[in-house]
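Examining the three-dimensional arrangement
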There are 2 protein chains.
Amino acid sequence: MTRWPIPLPMQRALALAREAAEAGEVPIGAVVVKDGTVIGEGRNAPRETHDPTAHAEIAAIRAAAKELGNERLTGCELFVTLEPCAMCAGAIVHARLARVTYAAPDPKGGAVAHGARVFDHPQALHKPEVVAGIGEGEAAALLRDFFRERR
Amino acid sequence: MTRWPIPLPMQRALALAREAAEAGEVPIGAVVVKDGTVIGEGRNAPRETHDPTAHAEIAAIRAAAKELGNERLTGCELFVTLEPCAMCAGAIVHARLARVTYAAPDPKGGAVAHGARVFDHPQALHKPEVVAGIGEGEAAALLRDFFRERR
């Protein structure tokens, strides 16, 4: 069986998710890429930082916007290991990210292909291209192992 | 005609919205209240801070969670001058805020009573009580004046 290799930005997002797990946080990682270069990255950290908004995507978007000195990440793309929630999908809209690639779907908390489907309403003032399933096996295994160890 | 007075936390949120307008930001303000005391406040600031997530609600929630040293704002309530967008509604869910009171509705970008209706899906793992319209006239006038001056 031949498998496509996981793109480097998603490999980096998976490494960040592993870092989150080691810190006792739900293992989710994200990076923002511009012209093939990572310009912002983040991992889940709400418990350590006492910040309910400290999701991987929010951290990566804030870092990238700071790096560019611009609240809009036009032409940039986000790689994240789990389907974004409503908060993160909303942040993706505000940042005007051109594309979002996520690894594992999240039927319980996702808001892209599930639930609020944030990009599918006219109130989303920007609609990114969405690619799902790249690195899904690895991302889902990280989450499964994390929650199994905690039960 | 008798009018109910605007509750003090919403008056503070309106003052924060005025501060945003003076700084050239869309005039939206928010405060988080616990047991009658403001424990976090914020105003819209994405342009100045180059941060697409720097909405009033996100700033107020982050400040309150830092103040309490807890990512969950259980039993706290949020007052904000405009109906929250998907990002902020998602943050409200993550923060477990007990109640959200907003002033003006936002048919174009709101995600509570419009569009994604973030609280109305099972993927929202917490559903706050929602009160709308308190201070609506004042909040809407601030936004109207702001956009009129910029046209």
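Sequence order as written defines residue numbering, which begins from 1 separately in each chain. Labels follow written order: the first chain is A, the first ligand is 1, and so on. Selection of residues for local features in this predicted model requires a pLDDT of at least 70, selection of side-chain atom pairs for listing and counting requires 80 or more, and totals for whole chains, interfaces and linings are taken over all residues. Only hydrogens and water are set aside; all other atoms, that is, all heavy atoms of the structure, feed into the side-chain values.

1. Here we look at the overall build of chain A
Scanning chain A from terminus to terminus reveals five helices and five strands. Helix numbers and strand numbers start at the N terminus; a helix is a DSSP run of H or I with at least 4 residues, a strand a run of E with at least 2. Ordering the α and β elements of chain A from the N terminus gives α-β-β-α-α-β-α-β-β-α. In summary, chain A has a C-alpha radius of gyration of 14 Å against a globular reference of 15 Å for 151 residues, a match within 12%. Relative accessibility thresholds used throughout: buried, under 20% of the residue-type maximum; exposed, over 50%; partly exposed, between the two (1.4 Å probe, protein chains only). Going through the 151 residues of chain A one by one, you find that 54% of them count as buried. In this description, contact between two residues means that some pair of their heavy atoms is separated by no more than 4.5 Å. Sequence separation of at least 24 residues holds for 57% of the intrachain contacts in chain A that already meet a minimum separation of 6. A total of about 7,000 Å² of accessible surface is found on chain A, and carbon and sulfur atoms cover 52% of it. The reference for a compact globule is 2.2 Å times residues^0.38; the radius of gyration itself is calculated from the C-alpha atoms. For every accessible area listed, the method is Shrake-Rupley and the probe measures 1.4 Å; residues are considered covered only by the protein chains on display.

2. A few points about the interface of chain B and chain A
Size of an interface: often given as the accessible area lost when the parts come together. With 34 residues of chain B in contact, the opposing surface of chain A contributes 34 residues. The term buried area denotes the loss of accessible surface (1.4 Å probe radius) that occurs when two parts are joined, taken as the sum for both partners. Counting the surface lost from both chain B and chain A, the interface buries some 2,500 Å², and carbon and sulfur atoms represent 62% of this. Contact with chain A buries area across many residues of chain B, yet Pro 52, Glu 71 and Gln 123 of chain B alone supply 24% of it, more than any other trio. For salt bridges, the criterion is a side-chain nitrogen of Lys or Arg within 4 Å of an Asp or Glu carboxyl oxygen. Salt-bridge contacts for Glu 71 of chain B lead to Arg 47 of chain A; the nearest nitrogen and oxygen are separated by 3.9 Å. Pairs of N or O atoms are called polar contacts if they sit within 3.5 Å, as long as, within protein, a hydrogen donor faces a hydrogen acceptor (for residues adjacent in sequence, only side-chain-to-side-chain pairs). The interface formed by chain B and chain A contains eight residue pairs in polar contact (both at pLDDT 80 or more).

3. Considerations on helix H4 (residues 86-95) of chain A
Because each turn of an α-helix spans 3.6 residues, side chains separated by three or four positions in sequence point in the same direction. The element H4 of chain A is extensively covered by neighbouring structure, given that nine of its 10 residues are classed as buried. Listed in full, the buried residues belonging to H4 of chain A are Ala 86, Met 87, Cys 88, Ala 89, Gly 90, Ala 91, Ile 92, Val 93 and Ala 95 of chain A. Tucked inside the fold, the buried residues of H4 of chain A contact helix H3 (56-68), strand S3 (77-82) and strand S4 (99-104) of chain A together with helix H4 (86-95) of chain B. Following H4 of chain A by one or two positions, Arg 96 of chain A adopts a phi angle in the positive range, close to 60 degrees.

4. Examining the packing of helix H1 (residues 8-22) of chain A against helix H5 (residues 136-150) of chain A
All names here are of chain A. With axes taken as lines fitted to C-alpha atoms, and helix axes fitted only over the stretch in contact, angles between N-to-C directions fall between 0 and 180 degrees. H5 packs onto H1 with a crossing angle of 5 degrees between their chain directions and a minimal axis gap of 10 Å. Taken together, the axis directions place H1 and H5 in an arrangement best described as roughly parallel. The segment H1 lies against H5, with Leu 14, Ala 17, Arg 18 and Ala 21 engaging Glu 138, Ala 139, Leu 142 and Phe 146. Residue polarity is assigned by list, with Asp, Glu, Lys and Arg as charged and Ala, Val, Leu, Ile, Met, Phe, Trp, Tyr, Cys and Pro as nonpolar; anything else, Gly included, falls into the polar class. Its residues assigned to classes, the contact of H1 with H5 shows six nonpolar, no polar and two charged. In what follows, roughly perpendicular refers to angles from 65 to 115 degrees, roughly parallel to angles under 35, roughly antiparallel to angles over 145, and oblique to any angle outside these ranges.

5. What about the sheet that holds strand S5 (residues 129-132) of chain A?
Residues and elements named next belong to chain A. Strand pairing follows a simple DSSP-based rule, namely that at least 2 bridges must link the two strands. As summarised here, the arrangement of the five strands in space is S2-S1-S3-S4-S5, forming an open sheet in which the pairing is mixed. Because the sheet does not close on itself, it has two edges, and the strands there are strand S2 (37-43) and S5. This sheet shows a mean twist of 15 degrees between the axes of neighbouring strands, independent of strand direction. Bridge count between strand S1 (residues 29-34) and S2: six bridges; the pairing is antiparallel.

6. A look at the UniProt feature "domain: CMP/dCMP-type deaminase" (unreviewed entry) in chain A
UniProt positions are given in the numbering used here, feature names are shortened, and annotations may be inferred rather than shown by experiment. The feature "domain: CMP/dCMP-type deaminase" (unreviewed entry), as annotated in UniProt, sits at residues 4-113 of chain A in this numbering. For residues 4-113 of chain A, the helix share is 38%, the strand share is 23%, and the end-to-end C-alpha distance is 23 Å.

7. With respect to the pairing of strand S4 (residues 99-104) of chain B
Residue and element names in this part refer to chain B. Here S4 lies mainly inside the structure; five of its six residues are buried. Sheet topology places strand S3 (residues 77-82) next to S4; five bridges connect them, and they run parallel. Paired with Glu 77 across the two strands is Arg 99, which belongs to S4. Note on the crossover from S3 through H4 to S4: the handedness is right-handed. For a crossover, the right-handed case is the one in which the path from the first strand over the helix to the second runs clockwise, viewed with the strands pointing away from the viewer.

8. Topic: the UniProt feature "binding site: Zn(2+)" (unreviewed entry) in chain A
UniProt records the feature "binding site: Zn(2+)" (unreviewed entry) at His 55, Cys 85 and Cys 88 of chain A, using the numbering of this structure. The largest pairwise C-alpha distance within this set of annotated residues, which runs over 34 residues, is 9.4 Å, so the set is compact in three dimensions. If you trace the backbone, Cys 85 of chain A turns up in the loop between S3 and H4. On the basis of relative accessible area, Cys 85 of chain A is assigned to the buried category, the value being 10%. If we ignore the near neighbours within four places in the chain, the residues touching Cys 85 of chain A are His 55, Glu 57, Gly 109 and Ala 111 of chain A together with His 94 of chain B. With respect to the helices, strands and loops of the structure, Cys 88 of chain A is situated in helix H4. Not counting chain neighbours up to four residues away, the residues in contact with Cys 88 of chain A comprise His 55, Glu 57 and Ile 58 of chain A.

9. Considerations on the relation of the copies chain B and chain A
Least-squares superposition aligns the copies on the C-alpha atoms of those residues with pLDDT at or above 70 in both. Turning chain B through 180 degrees and shifting it by 0.0 Å along the axis lays it on chain A, with an RMSD of 0.0 Å. The superposition of one copy onto the other is thereby described by a two-fold rotation axis. When C-alpha distances to the rotation axis are compared across chain B, the minimum falls at Met 87 of chain B, with a value of 1.8 Å. Looking at chain B, 100% of its interface residues are interface residues in chain A too, so the copies touch through the same face.

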